[in-house]
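The residues making up each chain are set out below.
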Amino acid sequence: MDYQDADQWRQEAMQRESMIDAREIQQRRNLALAHNRRHHIDDPDTLADQELYIQGKMELREYEAYLLFKHTPTG
């Protein structure tokens, strides 16, 4: 899919059904919380992006592509 910007991609992805069960979501959430505490990550935008993977809205490969799209400057 082609997206106008990262916000559109994130919003559309968050409307999807999760690809994982509640147990996996909780495991991912626990890992993310520990990682964020250890590295002092509390930026709301970063935390919102993490939810795409935590909630199973994107597989890892798509999540990586999303972050690259979002953080690569356009000419």
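Okay, so let's go over this structure. Note that this is a predicted model, so its numbers are computed, not measured. (Residues numbered from 1 in each chain as written. Predicted model: local features only at pLDDT ≥ 70, side-chain atom pairs only at ≥ 80, totals over all residues. Heavy atoms only, no water.)

Overview of the nonpolar core
(1) Moving on: Judged by nonpolar contacts, Y3, A6, W9, A13, L52, M58, Y63 and Y66 together constitute the single largest core of 8 residues.
(2) Moving on: Mapped by element, the contributors of at least two residues to this core are α1 (6-14) and α4 (60-71).
(3) Moving on: In terms of residues, this core owes the most to one element, α1, which gives 3 residues.
(4) Moving on: With residues up to four places along the chain from it excluded, the contact list for Y3 reads Q8, W9, E12, R16 and F69. (Core = buried A, V, L, I, M, F, W, Y, C linked by side-chain atoms within 4.5 Å. Buried < 20%, exposed > 50% of the residue type's maximum accessible area, 1.4 Å probe, protein only. Helix = DSSP H or I, 4+ residues; strand = E, 2+ residues; numbered from the N terminus. Contact = heavy atoms within 4.5 Å.)

Side note on the packing of helix α2 (residues 22-38) against helix α3 (residues 44-54)
(1) Moving on: Packing of α2 against α3 brings their axes to within 10 Å, and their N-to-C directions diverge by 150 degrees. In terms of orientation, α2 lies roughly antiparallel with respect to α3. In the packing of α2 onto α3, the handedness of the crossing is right-handed. Contact residues: I25, R28, R29, A32 and N36 in α2; L47, Q50, E51, Y53 and I54 in α3.
(2) Moving on: Counted by class, the contact of α2 with α3 contains 5 nonpolar, 2 polar and 3 charged residues. (Axes fitted to C-alpha atoms, helices over the stretch in contact; angles between N-to-C directions. Parallel < 35°, antiparallel > 145°, perpendicular 65-115°, else oblique. Left-handed = near helix turned anticlockwise from the far one by under 90°. Nonpolar A, V, L, I, M, F, W, Y, C, P; charged D, E, K, R; others polar.)

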